[in-house]
Amino acid sequence: MRFQLIGVNHKSAPLEIRERLAIPEKRLPDVCRDLTAFPGIEEGMVISTCNRVEVITHTVNGAADLRGFLHTYFQVEPDELDPHLYEFRSKDAVRHVFRVASSLDSMVVGEAQILGQVKEAYATARAVGAVRGQLDQLFSRAFAVAKRVRTETAVGSSSVSIASVAVELAKKIFGTLQGKNVFIVGAGKMSELAARHLMAHGCASIFVANRTYERAIGLAQKFNGQAIKFEDLYATCDRADIVITSTGSPHAIFRREHGEQFLARRKNRPMFFIDIAVPRDVSPDMAKLDGIFTYDIDDLQQAVTSHVADRSKEAEHAEAIIASEVERFEARLHTLDVVPTIVSLQDHLETIRQAEIDRVRGRMGQLTPEQEIAIEALTRGIINKVMHTPITTLKTAARESEATTVVDVVRRLFNLQTKPQVATEPVASETGEKVAVKVEVGTRR
Amino acid sequence: MPLLWLRFALACYFVGLVYAFVALSRTSDLFSRIALHAASLGMVFHFVSLVEVFLSNHVAWASVHNGESLLAFLSMTFFMVIYALYQTTSPGVVVFPVVFFLTFVAAIGEQPVLLTQYVSDKGWLVAHIILIFTGYAALVLSFGASLLYLVQERRLKSKKPTSMISFLPALDVIDQIGYRSLLLGFPFMTLGLITGSVVALTTYGRIDFLDPKILLSLLMWVVYMVMVFTRWNSGWRGRRAAFLATFTVVAALAAWAANYFSAMHRFAS
């Protein structure tokens, strides 16, 4: 359990910091490669969403300098970044990963999107080989836990999504949404979701602008909307009352001068900008204009915090599930720790058995097939009987803290030197027993 | 008797006044219903009081306290119309205190009376009074709405979670209330000035444009018109609209104050 995790999220760091750490999707594979090349890191992956940037690793000795990695990678001064960082190790890191995947650490607790984002990050890292044995197991388990939380608690069902908060805010501004126009800038999933909510509440029509025009057309068709070329954005944007923007642009695309133009063309009718992009698409000075209302991802969070309290009970239930899952995962990892010992023990005894049979066979001369089978069964039976208790003890000890001691003692008693290879493929089974069998088979081949 | 009914009405409006102060800090559906019923009851008393005044001597409407009473009643009527249309009692936050104040002053008792004994055509005079006061009431409403707009705009911009449970209606609804009151008030104000001119012409045979009352009334009308025009033409909202509304209300108050030093339209000494 040499997991190490470092990161910032919407609670620990303001948007300004998260903006600077955000990693565009296409750069993720490179980051994963750089991460695994960093001293002391065996496996690593990076989750970068609008609310969090997290580096999750499995390290050589459990004490890799992840802060150092962040400082050098993002070129930020330690003084500036460190106060916003959180760091978790071993069990705490496991718990955190489970909580993130189960959407308990989300801005909107229970929203389903984060699981998809984590899965994508995992797939990216796996594709470049940055995630192998340990992290693979951690995340396979995390996805199972997320599913369990979703099915066993109501955390996800009554989720107050960013989208519904956006609808609520739009209603505070426009009263009714009947006949209002929506403009989506940047065809992302989140903005699509928000648009869907707004349309469900009576918005009249939808415009979509995207840098890739084809994607704009695709999304516009879903809503019977109109695709707009990105160059025509500023010329047409004033037709919308509500603008949902989520582009990957590194700079603000809506600035004060645009807001002034829009207002002049709209005869000062108010406009509502929902900015779910990180870095922000709407410059903060837009909000200073009368009649322009901008809500960025942090503002939306403020608006949803009041709703979060409603779900605290369900969240408690979910936390309990996570706590028990963390224990289970830890126990399983320990079981895996003793598996090599069990395997070498079995191999050792098997060698002895074979040697003894060969020796006896020389003295006894030719044996009938029946006799061969009988001897085989006899010797195997003795070994299995003798081995039963030590193996059970090893497995039990694996779940306790003295696992290492017991393993050491067994290794010394039987003079087990070589370590067989540890299973590197993901192990889908849940109990230590099945895992042991799998590994056993794997090493014998 | 009219004064007694008016005092009953005042007691009812007091509930509305308390509501106005409570609504500033928290939202209570029950209380807003109570305030609404109390205000409706107050309007019944108020109406009885006004009718009695009219029946006894309709020119008595030209007295200051009856004028205030009429303005208060018309403002309440507007408030009720808005409630019927938009299902919101929030303009009460501004309307109730104004109405209470006007009714309170009117209910105290004797006040200066406008010199109307020379007016030959009482019908025009009554029309003039009702029209002008309707215009004033609409202006009060519009002014109130523009203040509420500012409050709501600030709440939305502050982005505090508490703004979610604000007692105020949506920004656009407030805007509509203000704009529609303004549009509605303007023809009344215009017709009120025209009927006033008719009264002046029939009484004095001429209109003295240098008389402070007429000058200030015209000024107020021009300001009002500018306000309607900018609102219609450039859709001014928020701060700019609030400044304009304040300016118009000040102009209206100035026109009212002119009663104290006008030769043609003044209080009896």
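Report follows, based on the coordinates. (Residues numbered from 1 in each chain as written. Chains lettered and ligands numbered in written order. Predicted model: local features only at pLDDT ≥ 70, side-chain atom pairs only at ≥ 80, totals over all residues.)

## Describing the overall build of chain B
Point 1. When its secondary structure is counted, chain B shows eight helices and zero strands.
Point 2. In chain B, of all internal contacts separated by at least 6 residues, the share reaching a separation of at least 24 is 80%. (Helix = DSSP H or I, 4+ residues; strand = E, 2+ residues; numbered from the N terminus. Contact = placed C-beta atoms within 7 Å.)

## A word on the environment of E168(A)
Point 1. Topologically, E168(A) is positioned in helix α8 (residues 162–174).
Point 2. Placed 30 residues apart in sequence, E168(A) and L198(A) show a C-alpha to C-alpha distance of 9.5 Å.

## Focus on the packing of helix α4 (residues 92–108) of chain B against helix α5 (residues 122–158) of chain B
All names here are of chain B.
Point 1. Look at α4 against α5: their axes get within 9 Å of each other, and the N-to-C directions meet at 135°. When the interaxial angle is binned, α4 and α5 end up oblique. Here the hand of the crossing between α4 and α5 comes out right-handed. Side by side, α4 and α5 meet where V93, V94, V95 and V98 of the first sit next to V140, L141, G144, L147 and L148 of the second.
Point 2. Each residue belonging to the contact of α4 with α5 can be placed in one class, and the counts come to eight nonpolar, one polar and no charged. (Axes fitted to C-alpha atoms, helices over the stretch in contact; angles between N-to-C directions. Parallel < 35°, antiparallel > 145°, perpendicular 65-115°, else oblique. Left-handed = near helix turned anticlockwise from the far one by under 90°. Nonpolar A, V, L, I, M, F, W, Y, C, P; charged D, E, K, R; others polar.)

## Structural notes on the sheet that holds strand β8 (residues 242–245) of chain A
All names here are of chain A.
Point 1. Read across the open sheet, the six strands follow the order β7-β6-β5-β8-β9-β10; overall the sheet is parallel. Of all the strands in the sheet, the pair left with one neighbour each is β7 (226–229) and β10 (292–296). Taking each pair of neighbouring strands and ignoring which way they run, the sheet shows an average axis angle of 20°.
Point 2. Where strand β5 (residues 181–185) lies against strand β6 (residues 205–210), five bridges are found, and the strand directions are parallel. Each residue of the ladder has a partner; that of V182, found in β6, is I206. (Pairing = 2+ DSSP bridges.)

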